[in-house]
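Given next are the chains, with one letter for each unit.
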Amino acid sequence: MDNFDRSRRLAAEALGTGILVATVVGSGIMAETLTKDVALALLCNTLPTGAILVVLITVLGPISGAHLNPAVTLVFAGKRELPVNEAALYVIAQIAGGIAGTMAAHLMFGLPLLDLSTKVRTGGPQWFAEAVAAFGLVATILAGIRFQRTAVPWLVGLYITAAYWFTASTSFANPAVAIARSLTNTFSGIRPADLPGFILAELCGAFAGLLLMNWLLGHSRAPAPLPITEPLQ
């Protein structure tokens, strides 16, 4: 990241979030067009999302870190690995890129540029699911960076692929993506009125993940030497 100036890092965050949202929204539209089976449509939405995350994190990670997610950016700001002013710019770029991604998906499928969603996604179980999704995402990223940095793109892609199915909310786990999805009245949409609950849950889950992983990955004390029970030969 040190090899790229701020404008390039911000462009990478906007571009990556835009492509991610275009994939989520576009694959949802395609799925709805091809099948009326909701489970099959969700699978058709899941696989492209997991796949594009692997691609985006691999190619954009060296430029900006490929956060593509305000919750992830705030976690790194909390770890003091990203200055607060730059974190704020990352978040703005991610939100703007996400909205552009929705518009791009709509243009590809001949839909209105923006169309507020009417899809209801609210309630305690949904909010808890979003907290769990964001918690797991942050845990995956931080542990992946610590133990297997080169595998992080695959770890994140596989985690989100799984979380689409084991969370009641289908794992948005990303405030910028949630905002962008409120602007599409298609398969992947979320009603704008439901955004505050989702975003708050995502941020709470992300910071819970940060707190736990800071402890879990903290340096442990050196093990005590084994007692000598027999004289040395």
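Residues numbered from 1 in each chain as written. Predicted model: local features only at pLDDT ≥ 70, side-chain atom pairs only at ≥ 80, totals over all residues. Heavy atoms only, no water.

A. Expanded view of the packing of helix 3 (residues 70–78) against helix 5 (residues 124–147). Closest axis-to-axis distance for the helix 3/helix 5 pair is 11 Å, and the angle between their directions is 50°. Here helix 3 is positioned oblique relative to helix 5, judged by the angle of their axes. Crossing angle aside, the handedness with which helix 3 passes helix 5 is right-handed. Residues V72, V75 and F76 of helix 3 form the contact with helix 5, whose participating residues are L137, V138, I141, L142 and I145. Of the residues in the contact of helix 3 with helix 5, the class split is eight nonpolar, no polar and no charged. (Axes fitted to C-alpha atoms, helices over the stretch in contact; angles between N-to-C directions. Helix = DSSP H or I, 4+ residues; strand = E, 2+ residues; numbered from the N terminus. Parallel < 35°, antiparallel > 145°, perpendicular 65-115°, else oblique. Left-handed = near helix turned anticlockwise from the far one by under 90°. Contact = heavy atoms within 4.5 Å. Nonpolar A, V, L, I, M, F, W, Y, C, P; charged D, E, K, R; others polar.)

B. Spatial organisation of the packing of aromatic side chains. In this structure the tally under the stated criterion is two aromatic pairs. Taking the centre distance of 6.2 Å and the plane angle of 75° together, the rings of Y159 and F166 count as edge-to-face. What makes Y159 buried here is its relative accessible area of 13%. A residue is classified by how much of its surface remains accessible, and F166, at 48% relative accessible area, is partly exposed. The aromatic ring of F187 is capped on one face by K119, whose charged end is 4.7 Å from the ring centroid. (Phe/Tyr/Trp six-rings, centres within 6.5 Å; stacked < 30°, edge-to-face > 60°. Buried < 20%, exposed > 50% of the residue type's maximum accessible area, 1.4 Å probe, protein only. Lys NZ or Arg CZ within 6 Å of the ring centre and 35° of its normal.)

C. Quick peek at helix 6 (residues 152–166). The end-to-end C-alpha distance of helix 6, which contains 15 residues, comes to 20 Å, matching closely the 21 Å that a straight helix rising 1.5 Å per residue would cover. Within the span of helix 6, buried status applies to V152, P153, V156, G157, Y159, I160, A163 and Y164. Take helix 6 and look down its axis: the buried residues cluster within an arc of 165°, on one side only. Of the residues in helix 6, the exposed ones pointing more than 90 degrees away from the buried face are W154 and L158. Residues of helix 6 that are buried in the fold lie against helix 1 (6–34), helix 2 (38–64), helix 5 and helix 7 (175–181). (Expected span 1.5 Å × (residues − 1). Arc of directions from axis to C-beta.)

D. Looking closely at a nonpolar patch on the surface. Together, L40, L43, L47 and W165 make up a nonpolar patch on the protein surface, roughly 370 Å² of accessible area in all. With three residues, helix 2 is the largest single contributor of residues to the nonpolar patch. Within the element layout of this structure, W165 appears in helix 6. (Patch = residues over 30% accessible without salt bridge, like charges linked within 9 Å, V, L, I, M, F, W, Y side chains within 5 Å. Areas by Shrake-Rupley, 256 points an atom, 1.4 Å probe, with all protein chains shown as cover. Salt bridge = Lys/Arg side-chain N within 4 Å of Asp/Glu carboxyl O.)

E. A look at the environment of A11. Summarising the element assignment, A11 is placed in helix 1. Residue A11 is classed as partly exposed on the basis of its relative accessible area of 43%.

F. Local environment of the pattern of salt bridges. With the rule as written, the count across this model stands at five salt bridges. Of the charged contacts in the structure, one is a salt bridge between R6 and E86, with a shortest N-O distance of 3.7 Å. One end of the pair, R6, is in helix 1; the other, E86, is in helix 4 (residues 84–108), with 80 residues separating them in the sequence. Relative accessible area serves as the criterion here: at 7%, E86 is assigned to the buried category. Between K79 and E81 there is a salt bridge whose closest N-O contact spans 3.8 Å. A relative accessible area of 28% places K79 in the partly exposed class.

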